[in-house]
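A structural walkthrough
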Amino acid sequence: SQLTFICSLIPSFSGDRLEYNNFISGCDNAYAFADESLHRALLFFIISKIDASVKSRFAGRTFETWESLKEILNVFYQDRKHYVQLMEELNSLKQNHKESILAYYTKIDTLQSRMLLTLGSGKESKGKVELIQELALNRFIYHCNPEISRFLRCQSLRNLADALSKAMEEEKALKMTSTTEKYNIFCDFCKIKGHETDSCR
């Protein structure tokens, strides 16, 4: 049948980066040959050809199309940047003025994940994993909003996720304080709260 022939075009994928391009090419070709009515069944077959260790990276996610699955796989396996380049990017990150603490955390966490994916196995890699995690945590603590940074330095933090949780609590508290202070400002010219005389319209 057509589906049997199309499925034969799809190789297995164990997570080895050397297999990746061949796997993606096989899946793309299969979709190009298949009638649209077969796409759903084909997607399930593709997923069945992916090793459990790979699927564990996106556990809990559901995929409606091959393109959505390929997009996630590309995040983990298409990265061509070297470990050193990623390290340089991590060491240059800092929270921008109007950036939320969550957005800043996401950038650091993404870089950390990409760096960990470049590592192999063994004792040397285990040491690098711990180093990367420590560097990511320190980057988050010392280069976020100065007020949040001062708060985090006084905390006992287990990991990056723990730091994010405490940082978001502090960010919320700072916003509440800022709103209260702004409300208490009084303009001598128009007699309205919320702005100073110099900025009165």
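One structure accompanies this document, and this report is about it. On a predicted model such as this, the values are computed, not experimentally measured, just so you know.

Section: the environment of proline 11
Following the sequence through the fold, proline 11 ends up in the loop between helix 1 (2-7) and helix 2 (17-33). Along the backbone, proline 11 and asparagine 22 are 11 residues apart, and their C-alpha atoms lie at a distance of 7.6 Å. Every residue in contact with proline 11, bar those within four places of it in the chain, is listed here: Asn22, Phe23, Gly26 and Lys49.

Some details on helix 2
Under the 1.5 Å per step criterion, the end-to-end length of helix 2 is 25 Å for 17 residues, consistent within 8% with the ideal 24 Å. Along helix 2, the residues that are buried comprise Tyr20, Phe23, Ile24, Gly26, Cys27, Ala30 and Tyr31. Relative to the axis of helix 2, the buried residues are bounded by an arc of 165° and lie together on one face. In this structure, helix 2 carries Leu18, Asn22, Ala32 and Phe33 as exposed residues pointing more than 90 degrees from its buried face. Looking at the buried positions of helix 2, the neighbouring elements they touch are helix 1, helix 3 (39-48) and helix 5 (66-77).

Some points on helix 7 (residues 101-117)
The periodicity of an α-helix, 3.6 residues per turn, causes residues three or four places apart in sequence to face the same way. For helix 7, with 17 residues, the first-to-last C-alpha span of 24 Å sits near the 24 Å given by 1.5 Å per residue. Taken together, the buried positions of helix 7 are occupied by Ile101, Tyr104, Tyr105, Ile108, Leu111, Gln112, Met115 and Leu117.

Reading guide: rules and limits
Residues numbered from 1 in each chain as written. Predicted model: local features only at pLDDT ≥ 70, side-chain atom pairs only at ≥ 80, totals over all residues. Heavy atoms only, no water. Helix = DSSP H or I, 4+ residues; strand = E, 2+ residues; numbered from the N terminus. Contact = heavy atoms within 4.5 Å. Expected span 1.5 Å × (residues − 1). Buried < 20%, exposed > 50% of the residue type's maximum accessible area, 1.4 Å probe, protein only. Arc of directions from axis to C-beta.

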